[in-house]
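Inside the fold
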Amino acid sequence: MAAETRELKPVLVFDSGIGGLTVLREARVLMPERGFVYVADDAGFPYGDWEEEPLKARIVALFRELIDTYDPEAVVVACNTAFTLAGADLRAAFPGMRFIGTVPAIKPAAERTRSGLVSVLATPGTVKRAYTRDLIQSFATQCHVRLVGSQNLARMAEAYIRGEAVSDQDVLSEITPCFVESEGRRTDIVVLACTHYPFMANVFRRLAPWPVDWLDPAEAIARQARRLVPVVEGAEHPDGFDLAVFTSGNPDFSTRRLMQGFGLRVG
């Protein structure tokens, strides 16, 4: 039994920054026996500022190193921008690895909406991606879907998560385009299509011009990971995990403190 526990491979959770902690939080609940390696590509953050081809090359190169170093059981790409851009390339480059992706939750939003007005709050990169348009064509043709690409909200969320002050007016200016009124109907669902955004959901609710369902995909991503990661009977959470890795190699004090609050040792 002890040998089996030692051999249990970790699950690697990847994001451009610290927003993927929303997914890690849910995944730990469903996979308590697994160790986790949380990787933040803070040296490349924010991904929304990148051109597509250089970013795709960066992500694939990073994963070549990460998979070789940590030999994970599975990889959760907890970043809409990264997965909608590079998910197919990652699966082609590493065919033996299980990848669990993060894509805008357009299908469940289309199933739940009553008004037929849905907004997708994302980064500019996710908004312009053909993958996102294909999801709308496949699952939401009966709805009016507004794509809102926020240039600044991921940065605001990073600051907010670290305990820094964020202006209500600045946040409101980013989320206001999500709220549409048309022929007596109003937006009733906003898809949070960046894993940073759920950390600010209470702020969004407080500032919203009317109540909506803020759709957070973190739990669904964690459930999919649990389906793909083998359950090992009798296994216990391994010593030495959980680990947080920053590609800059130099996270600041507030980030280190945040990682400790999540039970992560900064490596």
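So, here's what we can say about the structure. (Residues numbered from 1 in each chain as written. Predicted model: local features only at pLDDT ≥ 70, side-chain atom pairs only at ≥ 80, totals over all residues. Heavy atoms only, no water.)

1. Structural notes on the overall build of the chain
What counts, and what does not: Segments assigned H or I by DSSP are reported as helices when at least four residues long, segments assigned E as strands when at least two residues long, and all are numbered from the N terminus. Computation of the radius of gyration draws on C-alpha atoms alone. For the globule rule, the value is 2.2 Å times the number of residues to the power 0.38. Throughout, exposure labels follow a simple rule: accessible area from a 1.4 Å probe, protein chains only, divided by the maximum for the residue type, with under 20% read as buried, over 50% as exposed, and the rest as partly exposed. Two residues form a contact once any of their heavy atoms are found within 4.5 Å. Neither His nor the chain termini are counted; the positive set is Lys and Arg, and the negative set is Asp and Glu. By convention, the point assigned to a charge is CZ for Arg, NZ for Lys, CD for Glu and CG for Asp.
Helix and strand counts for the chain stand at 12 helices and 12 strands. For the chain, whose C-alpha radius of gyration is 19 Å, the value lies close to the compact-globule estimate of 18 Å for 267 residues. Along the three orthogonal principal directions, the C-alpha set of the chain runs to about 65 × 40 × 35 Å. Among the 267 residues that make up the chain, the fraction classed as buried is 54%. Within the chain, contacts between residues at least 6 apart in sequence are counted, and of these 78% link residues at least 24 apart. Counting 29 positive and 34 negative side-chain charges, the chain places the centres of these two groups 3 Å from one another.

2. Concerning the environment of Leu66
The residue Leu66 is located in helix α3 (residues 52-70) in this model. Distance in space between the C-alpha atoms of Leu66 and Val148 is 32 Å, their sequence separation being 82 residues. Once residues lying within four places of it in the same chain are set aside, the contact partners of Leu66 are Leu12, Phe14, Val39 and Asp71.

3. Some points on the side chain of Asp15
Just so we agree on the cut-off: Salt bridges are counted wherever a side-chain nitrogen of Lys or Arg sits within 4 Å of a carboxyl oxygen of Asp or Glu.
You can see Asp15 is positioned in strand β1 (residues 11-15). Arg162 provides the closest opposite charge to the buried, salt-bridge-free Asp15, at an N-O distance of 9.9 Å. Not counting residues within four places of it along the chain, the set of residues in contact with Asp15 comprises Gly20, Tyr38, Val39, Ala40, Asp41, Ala78, Cys79, Thr195 and His196.

4. Brief notes about the sheet that holds β1
Where we set the bar: A pair of strands is labelled paired if DSSP reports no fewer than 2 bridges between them. Every axis in this analysis is a line fitted to C-alpha atoms, fitted for helices over the stretch in contact. Angles between the N-to-C directions lie between 0 and 180 degrees.
One open sheet accounts for 6 strands, arranged β4-β3-β1-β2-β11-β12; its pairing is parallel. The open sheet has two edge strands, β4 (98-100) and β12 (265-266), and neither has a second partner. As defined by bridge partners, β1 adjoins strand β3 (residues 74-77) across 4 bridges and the pair is classed as parallel. Paired with Leu12 across the strands is Val75, a residue of β3. Each of β1, β3 and β4 is contacted by helix α4 (residues 80-93), which is oriented at about 155° to β3, the strand it contacts most.

5. Notes on the pairing of strand β2 (residues 36-40)
Heads up, the rule is: Think of it like this: strands point away, you trace from the first strand over the helix to the second, and a clockwise trace means the crossover is right-handed.
Counting buried residues in β2 gives 5 out of 5 residues, a clear majority hidden from the surface. Of the two faces of β2, the one holding Phe36, Tyr38 and Ala40 and the one holding Val37 and Val39 are both buried throughout. The pairing of β1 with β2 spans 5 bridges and is parallel. For Phe14, the partnering residue across the bridge sits in β2 and is Val39. The handedness of the β1 to β2 crossover, carried by helix α2 (residues 21-30), is right-handed. Bridge count for β2 against strand β11 (residues 243-246) is 4 bridges, and the pairing is parallel. The residue bridging Val37 from the neighbouring strand is Leu243, located in β11.

6. A look at the side chain of Thr255
Stated formally: Pairing of N or O atoms within 3.5 Å defines a polar contact, subject to two protein rules: one partner must be a possible hydrogen donor and the other a possible acceptor, and residues neighboring in sequence count only if both atoms are side-chain atoms.
Within the fold, Thr255 resides in helix α12 (residues 253-261). Engagement of the side chain of Thr255 in a polar contact is seen with the side chain of Arg162, the distance being 2.6 Å. Polar contacts involving the side chain of Thr255 include one to the side chain of Asp252, which spans 2.6 Å. Once residues lying within four places of it in the same chain are set aside, the contact partners of Thr255 are Ile18, Arg162 and Phe246.

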